Amino acid sequence: MLTFVTLLAAASATVPTALAHGGVLSYSWSGQWYWGWQPYNSATGQTTIQRPWSTYNPIQDATLSTIACNDDGTSPSLQQTATVAAGTAITAYWNQIWPHAQGPMLTYLANCGGSTCSGVNANSLKWFKIDQAGLLSGTVYNGTWGSGQMINQNSSWTTTIPSTVPSGNYLIRFETIAIHSTPAQFYPECAQISITGSGSLAPTSAQLVSFPGAYSNSDPGIDIDIYSTAAQTQTTYVIPGPPLYGSSSSGSGTTASASTSTSVASHSSSSSTAAASSSSAAAAGTVAQYGQCGGTGYTGATSCIAPYTCTYSSAYYSQCL
Ligand SMILES: *[C@@H]1O[C@H](CO)[C@@H](O)[C@H](O)[C@H]1NC(C)=O
Ligand SMILES: *[C@@H]1O[C@H](CO)[C@@H](O)[C@H](O)[C@H]1NC(C)=O
Ligand SMILES: [Cu+2]
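Small disclaimer: the values here were computed from a predicted structure and weren't measured. (Residues numbered from 1 in each chain as written. Chains lettered and ligands numbered in written order. Predicted model: local features only at pLDDT ≥ 70, side-chain atom pairs only at ≥ 80, totals over all residues. Heavy atoms only, no water.)

**Quick look at the site of ligand 1**
Short version of the rule: Throughout this document, a residue counts as near a molecule or strand when at least one of its heavy atoms sits within 4 Å of that molecule or strand. Counting of polar contacts relies on pairs of N or O atoms within 3.5 Å, with two restrictions inside protein: one atom must be capable of donating a hydrogen and the other of accepting it, and residues adjacent in sequence are counted only when both atoms are side-chain atoms. Surface accessibility follows the Shrake-Rupley procedure with a 1.4 Å probe radius. Residue values consider only the protein chains on display as shielding.
In the vicinity of ligand 1, the contacting residues are Tyr141, Asn142 and Gln232. Residue Asn142 places a side-chain N or O atom 2.3 Å away from an oxygen atom belonging to ligand 1. Gln232 places a side-chain nitrogen or oxygen 2.9 Å from an oxygen atom of ligand 1. In isolation ligand 1 offers 370 Å² of accessible surface; the protein chains occlude 31% of this area.

**A short note on the site of ligand 2**
Under the convention used in this document: Here the nonpolar group is Ala, Val, Leu, Ile, Met, Phe, Trp, Tyr, Cys and Pro; Asp, Glu, Lys and Arg are the charged ones; every other residue, Gly included, is treated as polar.
The local shell around ligand 2 consists of Trp33, Tyr93, Gln96, Asn154 and Ala315. The side chain of Gln96 places a nitrogen or oxygen atom 3.0 Å from an oxygen atom of ligand 2. In this structure, Asn154 approaches ligand 2 through a side-chain N or O atom, which is 2.4 Å from an oxygen atom. Considering ligand 2 on its own, with 360 Å² of exposed area, one finds that the protein chains cover 55% of that surface. Tallied by class, residues from the shell around ligand 2 come to three nonpolar, two polar and no charged.

**Notes on the state of the cysteines**
Rule in force here: In this description, a disulfide is simply a cysteine sulfur pair whose atoms lie within 2.5 Å. Only DSSP runs of H or I reaching four residues or more are called helices, and only runs of E reaching two or more are called strands; each is numbered from the N terminus.
Within the structure shown, the criterion is met by four disulfides. Linked covalently through their sulfurs, Cys69 and Cys190 form a disulfide whose S-S length is 2.0 Å. Residues Cys69 and Cys190 are joined through a disulfide that is left-handed, its torsion about the S-S bond being -90 degrees. Placement of the pair is Cys69 in the loop between strand E2 (32-35) and strand E3 (82-85) and Cys190 in strand E11 (residues 185-196), with a sequence separation of 121 residues.

As structure tokens, then:
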């Protein structure tokens, strides 16, 4: 017979395993905080902009329906939606301290149509990618990854909603994929946002994907052994998914991905792309609307073109608004 103490010990023994994983627990933008769903609390009474998820464990099969917005990702009765102006930098916060430093960071949007995302099945939507960061430097074997940078940024990731995105109701899907072991571990969470603004650039059909559908378990960025001999000299990594929204690429996602981080919006975590645009901004002496103008580790220009002011978003990201 198990004693109460034995059961307690057994229960607490599972906690470290759970703590080795996790997901997005909160968001912030424009000085506001939004709590995410709390998977280990009772669902009753939880009211948040995030779609519910049930466990810190990863998804390890890209063909599962839960790859869209985790398990189960449906909107509860108290589901909330938050308003965000296109061009705004949204920061998502993972567990402190996120444990997996190998793998990409990806952010997607999906337009729900209609007047709300509540009740809309995430599997029925078309998604487009607005941000990504893969292998930032070094080799697949021991280089620096987007997820490593996420950890270094207080286990947070900031994505700017491109100012060109049409207004409407969207799900925003932050994802990190951990590739320190096989099969790869997907950690997606979604939140409901209402985007305002006057953007009018629709994603192209090549940029729109479904979840599941966007990834295959055999994609080179997913079916990957970072400890192989080949990985020790490999300096490119193919970020999974479609080409970035706003990019001119019309091919399949795999050809569009580069070894380094790219983003249509200026990004605290972009490497070569951001560095190049930062230095050109520095030459001009000003930063354009929505551009980055500050944050820990940022070395670019810090003054905004009129009439914008450099506005704090997180310790790692300030932008001209
Ligand atoms: C990465 O691994 C290679 C061997 O594959 C080694 O020569 C190199 O020093 C390592 N770099 C770092 C930063 O650990
Ligand atoms: C780090 O992230 C936590 C949330 O996980 C947040 O409460 C805290 O303010 C952040 N610290 C900084 C310096 O941004
Ligand atoms: Cu884990």
